[in-house]
Amino acid sequence: MQKTAQSWFTGGPSATTTFNDQQLPKSSSLLADWNAYAASQDADSSDLGFDLEAAVRTTSDKVTGTFSVVSKGVRDLPGNFQSATSNVPSGKSLMYFGVLLAAGVFFIFVAFTMFLPVMVLVPQKFAICFTIGCAFIIGSFFALKGPKNQLAHMSSKERLPFTLGFIGTMVGTVYVSMVLHSYVLSVLFSILQV
């Protein structure tokens, strides 16, 4: 091999070069040298017994088989993915929830910042603004969960007294503020509503 390297670099006058213990005639092109090298390597690599294409194909088949077994197992679960995600709200529901919640927070913010300091003079404005804010917040949960699910949640046995009390104070606040114009009752219903 050293002899070949010397003749290659020095451009020695030898007519033949030694390549992997084989005598090859000196070729006039680089392509012919590469082809001779590739042919000798193909002969040597076939002795290794390792086929890269077969290894990739086998690995791909095993991965595909594993994914099919796992996906079949997930489909066969009692509570599959579709039933688990059936309660996830849609994008439209989330948008309505956000808008209604923001409106409710806005009205409650206005009630506490603008009308609470003047509650002694005009308790009706605080009471109405606070009630509208609470109604928007309750409405946002109806939009998020759906009317049927939210009503079932609010009318469950342990929540029904609180739901009736909250709705009663909201209706009472609107009634005493808008119809009776009662200062004392507006303050009382607003406090009960909180």
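Residues numbered from 1 in each chain as written. Predicted model: local features only at pLDDT ≥ 70, side-chain atom pairs only at ≥ 80, totals over all residues. Heavy atoms only, no water.

Looking at an unreviewed UniProt entry, one finds the protein chain named Vesicle transport protein and attributed to Hevea brasiliensis. The protein chain has a UniProt comment under Subcellular location (unreviewed entry) that states "Membrane". According to the UniProt record, the Sequence similarities (unreviewed entry) comment for the protein chain reads "Belongs to the SFT2 family." (UniProt positions renumbered as here; feature names shortened; annotations may be inferred.)

Engineer: In this structure, what is going on with helix α9 (residues 183-193)? I would like to understand it.
Structural biologist: Side chains that are three or four residues apart share a direction in an α-helix, a result of its 3.6 residues per turn. For α9, every residue scored as buried is listed here: S186, S190 and Q193. Buried residues of α9, seen end-on, are gathered within an arc of 65° and therefore sit on one face of the element. Exposed residues pointing more than 90 degrees away from the buried face of α9 are listed as V184, I191 and L192. For α9, the secondary structure elements touched by its buried residues are α6 (123-145) and α8 (160-180). Backbone nitrogen of L185 and a side-chain oxygen of the N-cap are separated by 3.3 Å at the start of α9; the cap is S182. (Buried < 20%, exposed > 50% of the residue type's maximum accessible area, 1.4 Å probe, protein only. Helix = DSSP H or I, 4+ residues; strand = E, 2+ residues; numbered from the N terminus. Arc of directions from axis to C-beta. Contact = heavy atoms within 4.5 Å. Polar contact = N/O pair within 3.5 Å; in protein donor to acceptor, adjacent residues only side chain to side chain.)

Engineer: What is the right way to read the nonpolar core from this model?
Structural biologist: Within soluble globular proteins, side chains that are nonpolar tend to cluster in buried spots. Within the largest apolar cluster, nine residues are counted, these being I108, V110, A111, F115, M119, F126, C129, F130 and C134. Of all the secondary structure elements, the ones that give two or more residues to this core are α5 (91-115) and α6. The residues touching V110, leaving out its near neighbours within four places in the chain, are F115 and C129. (Core = buried A, V, L, I, M, F, W, Y, C linked by side-chain atoms within 4.5 Å.)

Engineer: How do you make sense of the environment of I167 when you look at a structure like this?
Structural biologist: Along the chain, I167 turns up in helix α8. On the basis of relative accessible area, I167 is assigned to the partly exposed category, the value being 41%.

Engineer: Honestly, the pattern of salt bridges in this entry has me stumped. Any pointers?
Structural biologist: Should their charged atoms come close, side chains of opposite charge can pair. Throughout the structure, instances matching the rule amount to one salt bridge. Two residues, E158 and R159, come together in a salt bridge whose shortest N-O distance is 3.8 Å. Classification of E158 as exposed rests on a relative accessible area of 55%. (Salt bridge = Lys/Arg side-chain N within 4 Å of Asp/Glu carboxyl O.)

Engineer: What exactly am I supposed to notice about the UniProt feature "transmembrane region" (unreviewed entry) in the protein chain here?
Structural biologist: Here the UniProt feature "transmembrane region" (unreviewed entry) sits at residues 94-119, 125-144 and 164-192. Between the C-alpha atoms that bound residues 94-119 there is a distance of 35 Å. The span itself is 85% helix and 0% strand. Secondary structure across residues 164-192 divides into 93% helix and 0% strand, with the first and last C-alpha atoms of the span separated by 13 Å.

Engineer: Where do I start with the side chain of T173 in this structure?
Structural biologist: Turning to its location among the elements, T173 is positioned in helix α8. Residue T173 is classed as buried on the basis of its relative accessible area of 0%. Within the local environment of T173, its side chain forms a polar contact with the side chain of Q193, the two groups lying 3.2 Å apart. Discounting chain neighbours no more than four positions away, the residues touching T173 are A127, T131, F189, S190 and Q193.

Engineer: Looking at this structure, I do not really get unusual backbone geometry. What am I missing?
Structural biologist: Both trends apply: most residues other than glycine have a negative phi, and most peptide bonds are in trans. Residues other than glycine seldom take positive phi values, yet H181 does so here, at roughly 50°. In this fold, H181 is placed in the loop between α8 and α9.

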